[in-house]
Amino acid sequence: MYKAYGITRAAEFSPNSDDLTIISKVAACLRLHDCETSLLDEKDVDGIASICVSNGDKPDAVFTMARSPRTLSVLDHLESQGILVINSPRGVRNCLRPTITRLMQDHDVPIPPSILLDADKMDILRLADFPLHYPLWLKRGDASAQQKDDVCFVNDAKALAEAWERFLQRGIRSATVSEHVKGDVVKYYGVAGTPFIYWYYPTLGQIHGKFGLERINGYAHQYPFDIHRLKQLADSVAVLSDTPVYGGDCIVDSEGQIYMIDFNDWPSFSRCSDEAAEAIAHYILLQINANGNH
């Protein structure tokens, strides 16, 4: 019998989302496959550190939605002991906007024209000198969006400077700035190395999203696009970032071109939790076997 632990996500790292459902369903799927599985709270850092290595009885895998720096450090330690961690804490850190943006830029993944902001280097590049065309999106870079003001749509240099100043006043010192691309917003969920992909238009019918920002692009025109291409792009970013359980957003323009605009570690899979849980559990079991754990 295999043994696994799941780590839940603290509510502040994913507001307005039901993250407990998906991780609970993954645990249930693993139990059906003869894998003894328990869930631990992300905030129980000491419990995670002690239970997972108690009496030398290491689990075959830890699957985690955690995002707090302290918990990620504990997971780093577990990985150093040879414990399989999905998603890796390295992958979670890679999904910070500046890092994932740079990864996609460096590997020619299609994204809107973007630059990275760092408050400690603003003497090198003034806001007024950005080589981008308005309107723009300013998105916090030190963490995933936790409130509506973490993502700002700005129409001119004055609005951008004011939004950046608000970030600085809140202690946010890094961000991405990206050109707005007209087209359909498409939300996607997937598990790398499996056939699983799920997508939908959040602006088709009732606007869906944590903060309603998808409405900026308007209601979906449903431009035709290649779903296999989307899966290929998303899986490639998953591999680059070491984030096999993922979700995100892209824009499909009137020509059917896909532009990746967000890529996140382990989303809530709210619209497809049953199918996603099966795919995630299948992936975890495959990795346990590949790791030679029995």
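This is a predicted model, so every value here is computed, not measured.

Visitor: With reference to specific residues and values, describe the overall build of the protein.
Guide: The helix and strand tally for the protein stands at eight helices and twelve strands. Once local pairs closer than 6 in sequence are excluded, the contacts in the protein between residues at least 24 apart make up 68%. When the accessible surface of the protein is summed, it comes to about 13,500 Å², and 50% of that surface belongs to carbon and sulfur atoms.

Visitor: Break down the pairing of strand 1 (residues 2-7) for me, with residues and values.
Guide: Within a regular strand, side chains alternate between the sheet's two faces. Of all six residues in strand 1, six are buried; the element is thus mostly enclosed. Because side chains alternate across strand 1, one face comprises the buried residues Tyr2, Ala4 and Gly6, and the other comprises Lys3, Tyr5 and Ile7, equally buried. Bridge count for strand 1 against strand 2 (residues 35-40) is six bridges, and the pairing is parallel. Within the sheet, the bridge partner assigned to Lys3 lies in strand 2 and is Glu36. Here strand 1 runs beside strand 3 (residues 61-64); their pairing, made up of four bridges, is parallel. Bridge assignment links Gly6 to a residue of strand 3, and that residue is Phe63.

Visitor: Got a sec to walk through the pairing of strand 9 (residues 184-191)? Specific residues and values, please.
Guide: Of all eight residues in strand 9, eight are buried, a share of seventy percent or more. Of the two faces of strand 9, both are covered, the one formed by Asp184, Val186, Tyr188 and Gly190 as well as the one formed by Val185, Lys187, Tyr189 and Val191. Bridge analysis of strand 9 against strand 10 (residues 197-200) gives four bridges, and the strand direction is antiparallel. Bridged to Tyr188 within strand 10 is Trp199. Taken together, strand 9 and the strand that follows it, strand 10, pair antiparallel across an intervening segment of five residues, in which Gly193 is found at a positive phi of about 75°.

Visitor: Which residues make up unusual backbone geometry, and what are the values?
Guide: For the peptide bond that leads from Ile86 to Asn87, omega is -10°, which places it in the cis range. Among the structural elements, Asn87 can be located in the loop between strand 4 (84-86) and helix 4 (89-94). For the peptide bond that leads from Tyr134 to Pro135, omega is 0°, which places it in the cis range. By the secondary structure assignment, Pro135 is in the loop between strand 5 (114-118) and strand 6 (136-140). Not every positive phi belongs to a glycine, and Asp108 is a case in point at roughly 60°. Here Asp108 is to be found in the loop between helix 5 (97-106) and strand 5. Judged by its relative accessible area of 70%, Asp108 falls in the exposed class.

Visitor: Describe the packing of aromatic side chains, with residues and values.
Guide: Overall, the coordinates contain eleven aromatic pairs when judged by the stated rule. Between Tyr189 and Tyr198, the aromatic rings sit 6.4 Å apart at their centres with planes inclined by 35°, giving tilted as the arrangement. Ring geometry for Tyr189 versus Tyr200: centroids 6.3 Å apart, planes at 20°, classification stacked. With Tyr189 in strand 9 and Tyr200 in strand 10, this residue pair connects regions lying eleven residues apart in the sequence. Classification of Tyr200 as buried rests on a relative accessible area of 5%. Its guanidinium or amino end placed over the ring of Tyr200, Arg271 lies 3.9 Å from that ring's centre, counting from NZ or CZ.

Visitor: How would you explain helix 8 (residues 273-290) if you had to name every residue and give the values?
Guide: Over its 18 residues, helix 8 extends 25 Å from the first C-alpha to the last, a length consistent with the 26 Å expected when each residue adds 1.5 Å. By the burial criterion, the buried members of helix 8 are Ser273, Ala276, Ala277, Ala279, Ile280, Ala281, Tyr283, Ile284, Leu285 and Ile288. Positive backbone phi, approximately 75°, marks Gly292, located one or two places after helix 8.

Visitor: Pulling in residues and values, what's your account of the sheet that holds strand 8 (residues 174-179)?
Guide: Here four strands make up an open sheet; going across it, the order is 5-8-6-7 and the pairing antiparallel. Pairing within the sheet leaves two strands with one partner each, and these edge strands are strand 5 and strand 7 (151-154). Neighbouring strand axes in the sheet, compared pairwise and without regard to direction, differ in orientation by 20° on average. Across the sheet, helix 5 lies against strand 5, strand 6, strand 7 and strand 8, angled at about 145° from strand 5, the strand it touches most.

Visitor: Quick rundown of the sheet that holds strand 1? Include the residues and the values.
Guide: Taken in spatial order, the four strands line up as 2-1-3-4 in an open sheet, and their pairing is parallel. The open sheet has two free edges, formed respectively by strand 2 and strand 4, since each of these has just one partner strand. Geometrically, the sheet is characterised by an average inter-axis angle of 20° between neighbouring strands, direction not taken into account. The strands that helix 3 (residues 69-80) touches are strand 1, strand 3 and strand 4; relative to strand 3, the one it contacts most, it runs at about 155°. Against the sheet, helix 8 makes contact with strand 1, strand 3 and strand 4, and its axis sits at roughly 160° relative to strand 4, the strand it touches most.

Definitions and limits used
Residues numbered from 1 in each chain as written. Predicted model: local features only at pLDDT ≥ 70, side-chain atom pairs only at ≥ 80, totals over all residues. Heavy atoms only, no water. Helix = DSSP H or I, 4+ residues; strand = E, 2+ residues; numbered from the N terminus. Contact = heavy atoms within 4.5 Å. Areas by Shrake-Rupley, 256 points an atom, 1.4 Å probe, with all protein chains shown as cover. Buried < 20%, exposed > 50% of the residue type's maximum accessible area, 1.4 Å probe, protein only. Pairing = 2+ DSSP bridges. Phe/Tyr/Trp six-rings, centres within 6.5 Å; stacked < 30°, edge-to-face > 60°. Lys NZ or Arg CZ within 6 Å of the ring centre and 35° of its normal. Expected span 1.5 Å × (residues − 1). Axes fitted to C-alpha atoms, helices over the stretch in contact; angles between N-to-C directions.

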